[in-house]
Protein chains: 2
Amino acid sequence: MSFHIVYPRTVPERRPPNHQPAAPRWTLRWKAPVHTVISDYFAVQAKTLPWNLQQAFVDRIRSYFAHTDGPDAHEIMRCTDESEFANTIVVAYWLDPTKHARWKLFSSFAGWFDSADRLSENVGYWRETVIVPYDRHETIYSEPTYPIGLARCAGGSVEPMTTNGYFGAARDRIPLSAIDPLESPLGETPPPRKEIASEGRRLRAQPPLNLTAIRSGQFWVNAKTEQRTDYLERLQPKLVRGMKYLEENKEASGCLSIRNMNNITSAGEEIAETSTLAYFLSLGHLERWSESHETHLDIYRHAIAMNRKFGAAREVITWHEVFVLSGAAPFEYVNCHPSTGLLPYCD
Amino acid sequence: MSFHIVYPRTVPERRPPNHQPAAPRWTLRWKAPVHTVISDYFAVQAKTLPWNLQQAFVDRIRSYFAHTDGPDAHEIMRCTDESEFANTIVVAYWLDPTKHARWKLFSSFAGWFDSADRLSENVGYWRETVIVPYDRHETIYSEPTYPIGLARCAGGSVEPMTTNGYFGAARDRIPLSAIDPLESPLGETPPPRKEIASEGRRLRAQPPLNLTAIRSGQFWVNAKTEQRTDYLERLQPKLVRGMKYLEENKEASGCLSIRNMNNITSAGEEIAETSTLAYFLSLGHLERWSESHETHLDIYRHAIAMNRKFGAAREVITWHEVFVLSGAAPFEYVNCHPSTGLLPYCD
């Protein structure tokens, strides 16, 4: 079997009539039913973060994962954020919310993370737990050959699809979008950002209903000279420009937080694999940027051109996963700088 | 159409092979897709609560409901709780989480409820919001003639079913139970109850994953002498005994909180309509009591006997609605006594 959820549509689909994509794309399905998907981000943060502190954090989190209810998959990344702080980030994926809840309750993580001792270290810590019912997520991969993100979990199956190649395809891939426009209860404009005295404090920010998390990535470890050069010299600068626009135009774009992350090895070396984690006030805000803003159209056009040029011989893999939140636990920030993640929207 | 969700089963159903119920029962379906169901309880509480204070509270909450994003239905009830405090309770139902979130953000309710002024009144207030994806709920009604609880919302359709008349039928009616055993991450035993100094304070208690809320009711407004007498003299005492057992045996039963409520008119008069709101650590705990404890078997046997005796001429309507929680917002208690609801399990 290939598990998926489909609702009888009451909200019009965005697929144009008779649309057939120029090139197939791939999406994640499951061999057994999966009703909840979880991506849980754990991070250490400091103005300067020597490798030994990063390594100690990664080793610690990994030791907590070595538990019967630990995650199904995880990755290690690094990010210099918009305040020029270094963040080392572990993202972990679970497919079972009861296991995830038991891990939170019974692993040694909580005792360490919740301790008041965390407030007086020379580093900050944050945790952003993205947990959604299956019908609130979608995935797309340019190739089926490299399982990444949620697709690293055992039991997945990367399958071809044709819900791609038009504006609105991401929405159409989210099962719930068939019966809910997934609007933000806050409307069009994000709440004003506040400068909160966050250092030395533990603060929580509640993600609003339908906040939309996207992790969008690139993997070019196996790209040979021509395509690697094209990626690094022509596509990557466009990506950087697009991300910079969102970072600098949060209110106009509805992008509340954005981080550009680089996967690293256990020895701390950056590899040819990057991704961006961004939160938009709603899926509509993400769509508006991607459909109408020059910085994204520029990325989109180049990606399509390279698709045409290299076809099945493409060596740079691009992908994303989108989660539309509901009933999320608060994101938590411990001794972090005030621009971290959703902290500026903390009550 | 009749909207419903069915998953390919990986957890065995509890229906015995070839089971056919002796009598049909009824359940709630929807004419258009409904992906989330919400029952939101608002209450005022005091040792003695004169009608003018109850009325002022009900009028106030109803005035907040008169908002474009207000609830689809609501009821007014009264309860004397296990600490002998009076509680006047408004339960409101929504079918759209975005409307519910907008109501919370933009009606005048939050400004009033969140105000520090609430801490220094002579009464307490509490709010318990039960919000679950559709696949985490089930309903049963003995008759289709009196829409009650969630079924008061427009767009519902009370339809006959045969998933009833055996132990485990409630579980089988919850769509998600086909692919998840719905266990508590906390295991078999509830956390220890604590006596928290709650008066004059605003406290929040986080419902754990898979906490199971049941509202189980009786409506005998239209019962004539014979059946009314049977209900009041023979069934009601068994119900009272069963509820008392749960109230006095929380740790053994896994029932964390239980309230016996009586519907009232706008003038404060009690009518022939009651219901019990209870929270069990998990659906399995609720099942264990109902399948094996003498106090429930006694209720069950009497209900079946009266079914046989009166058949289609039954004049006492019984029903329930069950919600298995995930991603719930914390329940909130303002200046309440320490045994209120989930307050004894507050962190």
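## Regarding the environment of Val-240 of chain A
Residues and elements named next belong to chain A.
- In this structure, Val-240 sits in helix 5 (residues 225-248).
- Overall, Val-240 belongs to the exposed group, its relative accessible area being 52%.
- Put simply, Val-240 and Ala-110 are 130 residues apart on the chain and 36 Å apart in space, counted from C-alpha to C-alpha.

## Topic: the pattern of salt bridges
Residue and element names in this part refer to chain A.
- Within this structure, the stated rule accounts for 48 salt bridges over all chains.
- With a closest N to O distance of 3.4 Å, Arg-204 and Glu-332 form a salt bridge. Placement of Arg-204 in strand 8 (residues 202-205) and of Glu-332 in strand 13 (residues 331-334) is noted, with a sequence separation of 128 residues between them.
- For Arg-204, a relative accessible area of 46% puts it in the partly exposed group.
- On the accessibility criterion, Glu-332 (11% relative accessible area) is buried.

## Structural notes on the relation of the copies chain A and chain B
- Here chain A sits on chain B after a turn of 180° about the axis and a move of 0.0 Å along it, with an RMSD of 0.0 Å. Put plainly, the chains are arranged around a two-fold axis. Considering only C-alpha atoms, the part of chain A nearest the rotation axis is Gly-327 of chain A, at 2.2 Å.
- In this assembly, 100% of the residues forming the interface of chain A have copies in chain B that are likewise at the interface, indicating an isologous arrangement.

## Some words on the packing of helix 7 (residues 283-292) of chain B against helix 8 (residues 294-310) of chain B
Residue and element names in this part refer to chain B.
- One can describe the packing of helix 7 onto helix 8 by two numbers: an axis separation of 5 Å at closest approach and a directional angle of 65°. Taken together, the axis directions place helix 7 and helix 8 in an arrangement best described as roughly perpendicular. Counting all contacts with helix 7, which are made through Trp-289, Ser-290, Glu-291 and Ser-292, the residues of helix 8 involved are Glu-294, Thr-295, His-296 and Leu-297.

## Notes on the pairing of strand 2 (residues 36-46) of chain A
Residues and elements named next belong to chain A.
- Where burial is concerned, most of strand 2 is hidden: eleven out of the eleven residues are buried.
- What you see with strand 2 is no split at all: Thr-36, Ile-38, Asp-40, Phe-42, Val-44 and Ala-46 on one side and Val-37, Ser-39, Tyr-41, Ala-43 and Gln-45 on the other are buried throughout.
- Examined bridge by bridge, strand 2 and strand 5 (residues 124-133) share ten bridges and lie antiparallel to one another. The residue bridging Gln-45 from the neighbouring strand is Gly-124, located in strand 5.
- Pairing of strand 2 with strand 4 (residues 86-94) involves nine bridges; the strand directions are antiparallel.

Scoring rules and cut-offs
Residues numbered from 1 in each chain as written. Chains lettered and ligands numbered in written order. Predicted model: local features only at pLDDT ≥ 70, side-chain atom pairs only at ≥ 80, totals over all residues. Heavy atoms only, no water. Helix = DSSP H or I, 4+ residues; strand = E, 2+ residues; numbered from the N terminus. Buried < 20%, exposed > 50% of the residue type's maximum accessible area, 1.4 Å probe, protein only. Salt bridge = Lys/Arg side-chain N within 4 Å of Asp/Glu carboxyl O. Least-squares fit on C-alpha atoms with pLDDT ≥ 70 in both. Contact = heavy atoms within 4.5 Å. Axes fitted to C-alpha atoms, helices over the stretch in contact; angles between N-to-C directions. Parallel < 35°, antiparallel > 145°, perpendicular 65-115°, else oblique. Pairing = 2+ DSSP bridges.

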